[in-house]
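Structural overview
Residues per chain, in single letters:
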Amino acid sequence: MATPASTATLEPRVDSDAFRQVLSRFCSGVTIITGLAEEHGRTVPAGLTCQSFFSLSLDPPLVAFSVARTSRTWPTIEPSGAFCVNVLSAAQQTLCRSFAVSGSDKFAGQDWMPAPATGSPALPGSLAWIDCAVETVHPGGDHWLVVGRVLHLNAADHEADPLLFYRAAFRRPAAA
Ligand SMILES: Cc1cc2nc3c(=O)[nH]c(=O)nc-3n(C[C@H](O)[C@H](O)[C@H](O)COP(=O)(O)O)c2cc1C
């Protein structure tokens, strides 16, 4: 008779350092997810740096990203039902770092334009803007997987390098 699998064999054997180190070999671009939050009866811009962005579906047009359950910003954006994905250029590394600091006044002195469909902040100098309505939010371990329906999108007409993130460091493409 087969021995039933013990609970121990079903336990994950992946330690978090190994997980981080191995997954850091996946090179990605970097985005800032922005949106509008209600704060003391005022509508204010909000955002956070996010690497875990991907395109999900062409028809219907869907994109997705994951956000930590500990994020202070995402719960302020989610009720608006919308967000804008700002795809960062290499020149936006400082901006990228500042939007990764939880609890800071991220939009102090920061220019932005309302994205056409939702009014979520589009950041000048970005390579692309993807203006979305929140379609669904799924639990994903210690993160949420947020799926957005693309309502409007635009790419910059300049040829700036993308900001890349690889092995826990910012990179830019090597010259060809
Ligand atoms: C390059 C980079 C990529 C990041 N990607 C993500 C991500 O995909 N999801 C996430 O939840 N946090 C990500 N973070 C961390 C958040 O930006 C950071 O936790 C931020 O403090 C969250 O701010 P908040 O608490 O105001 O939401 C990333 C940070 C950096 C520097």
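Definitions and limits used
Residues numbered from 1 in each chain as written. Predicted model: local features only at pLDDT ≥ 70, side-chain atom pairs only at ≥ 80, totals over all residues. Heavy atoms only, no water. Helix = DSSP H or I, 4+ residues; strand = E, 2+ residues; numbered from the N terminus. Buried < 20%, exposed > 50% of the residue type's maximum accessible area, 1.4 Å probe, protein only. Contact = heavy atoms within 4.5 Å. Areas by Shrake-Rupley, 256 points an atom, 1.4 Å probe, with all protein chains shown as cover. Lys, Arg positive; Asp, Glu negative; His and termini not counted. Charge placed at Lys NZ, Arg CZ, Asp CG, Glu CD. Patch = residues over 30% accessible without salt bridge, like charges linked within 9 Å, V, L, I, M, F, W, Y side chains within 5 Å. Salt bridge = Lys/Arg side-chain N within 4 Å of Asp/Glu carboxyl O.

1. Quick look at the overall build of the protein
- The number of helices and strands found in the protein is four helices and 12 strands.
- Sorting the 176 residues of the protein into buried and exposed places 32% on the buried side.
- Put simply, of all contacts in the protein between residues at least 6 apart along the chain, 63% involve residues at least 24 apart.
- Here the protein has roughly 10700 Å² of accessible surface; of this, 57% comes from carbon and sulfur atoms.
- Within the protein, one finds 12 positive and 15 negative side-chain charges whose respective centroids are separated by 9 Å.

2. Looking at a nonpolar patch on the surface
- A contiguous nonpolar patch, built from Val14, Phe19, Val22 and Leu23 and spanning about 410 Å² of accessible area, is present on the exposed surface.
- When you line up the elements, Phe19 lands in helix α2 (residues 16-23).

3. Overview of the environment of Asp161
- By the secondary structure assignment, Asp161 is in the loop between β10 (143-155) and β11 (164-166).
- On the basis of relative accessible area, Asp161 is assigned to the partly exposed category, the value being 32%.
- For the pair Asp161 and Leu127, spaced 34 residues apart in the sequence, the C-alpha separation amounts to 8.4 Å.
- Those residues in contact with Asp161 that sit more than four places away from it in its chain are Ser89, Ala90, Leu127, Arg172 and Pro173.

4. So, the pattern of salt bridges
- Summed over the entire model, instances satisfying the criterion amount to four salt bridges.
- Here Asp17 makes a salt bridge to Arg20, at a shortest N to O gap of 3.9 Å. One end of the pair is Asp17 and the other is Arg20, both in helix α2 and three residues apart, which spans about a single turn.
- Look at Arg20 and you get exposed, because its relative accessible area is 58%.

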